[in-house]
Each structure stands twice: as structure tokens, then as C-alpha cells.
Amino acid sequence: MIFTGGIAYAEKIVHDVYEKVAYLAPKAVVPGEMEMEALALGALRVLSGEEEAKEYL
């Protein structure tokens, strides 16, 4: 189970959630707001033709 993004900074939330689902998998915490970078890189892949755009309804 990987906790990422801004929520990973909230130690109590990570602890409380993981306490309920710890039996599923080990835990990794990767704090940081890298969502915008990921979105930009995804857009570049679509614009360069490397990947097709997906539509989620």
C-alpha cells in the first residue's frame, strides 16, 4: 500500500487507514505534490503521439 501526495504528510490519517488495511500489503509513504508534474508529462506523451488520450466517464 503506497500513500502518496499531500495526504502522505498527514501521519495520523496514514496511520489510521493503514491500521485498518495492514493485512493487505506492506506500507510505503511517499509524501509530495508531484501530481501536476505527472499530469504535465502525461499531456506531453499524448501531444507527442507516444500515447493515446483516454476518456473516463
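What counts and how
Residues numbered from 1 in each chain as written. Predicted model: local features only at pLDDT ≥ 70, side-chain atom pairs only at ≥ 80, totals over all residues. Heavy atoms only, no water. Helix = DSSP H or I, 4+ residues; strand = E, 2+ residues; numbered from the N terminus. Buried < 20%, exposed > 50% of the residue type's maximum accessible area, 1.4 Å probe, protein only. Pairing = 2+ DSSP bridges. Right-handed = clockwise from strand over helix to strand, strands pointing away. Salt bridge = Lys/Arg side-chain N within 4 Å of Asp/Glu carboxyl O. Patch = residues over 30% accessible without salt bridge, like charges linked within 9 Å, V, L, I, M, F, W, Y side chains within 5 Å. Areas by Shrake-Rupley, 256 points an atom, 1.4 Å probe, with all protein chains shown as cover. Expected span 1.5 Å × (residues − 1).

> Explain the environment of glutamate 11 to me, using residue names and the numbers behind them.
Structurally, glutamate 11 can be placed in helix α1 (residues 11-21). What makes glutamate 11 exposed here is its relative accessible area of 68%. Residues glutamate 11 and valine 29 lie 18 residues apart in sequence; the distance between their C-alpha atoms is 9.6 Å.

> If you had to explain the pairing of strand β2 (residues 28-31) to someone new, which residues and values would you point to?
As paired strands, strand β1 (residues 2-5) and β2 are joined by four bridges and run parallel to one another. Residue pairing for β2: phenylalanine 3 is matched across the bridge by valine 29. Read as a crossover between parallel neighbours, the route from β1 over α1 to β2 is right-handed.

> Break down the pattern of salt bridges for me, with residues and values.
Applying the stated criterion to the full structure yields three salt bridges. For aspartate 16, the salt bridge goes to lysine 12, with nearest N and O atoms at 2.8 Å. Taken together, the residues span about one helical turn, with aspartate 16 and lysine 12 both in helix α1 at a distance of four residues. Taking relative accessible area as the criterion, aspartate 16 reaches 31% and is therefore assigned partly exposed. Several salt bridges converge on common partners, so that one network encompasses Arg45, Glu51 and Lys54.

> Can you lay out a nonpolar patch on the surface for me, pointing to particular residues and giving the numbers?
A contiguous nonpolar surface patch, about 590 Å² in accessible area, is contributed by Met1, Ile7, Ile13, Val17, Tyr23 and Leu24. Note on placement: isoleucine 13 falls in helix α1.

> I'd like a rundown of helix α2 (residues 35-47), residues and numbers included.
End to end, α2 covers 18 Å across 13 residues, agreeing with the expected 18 Å (1.5 Å per residue, within 8%). One or two steps after α2, the chain reaches glycine 49, where phi turns positive at roughly 85 degrees.

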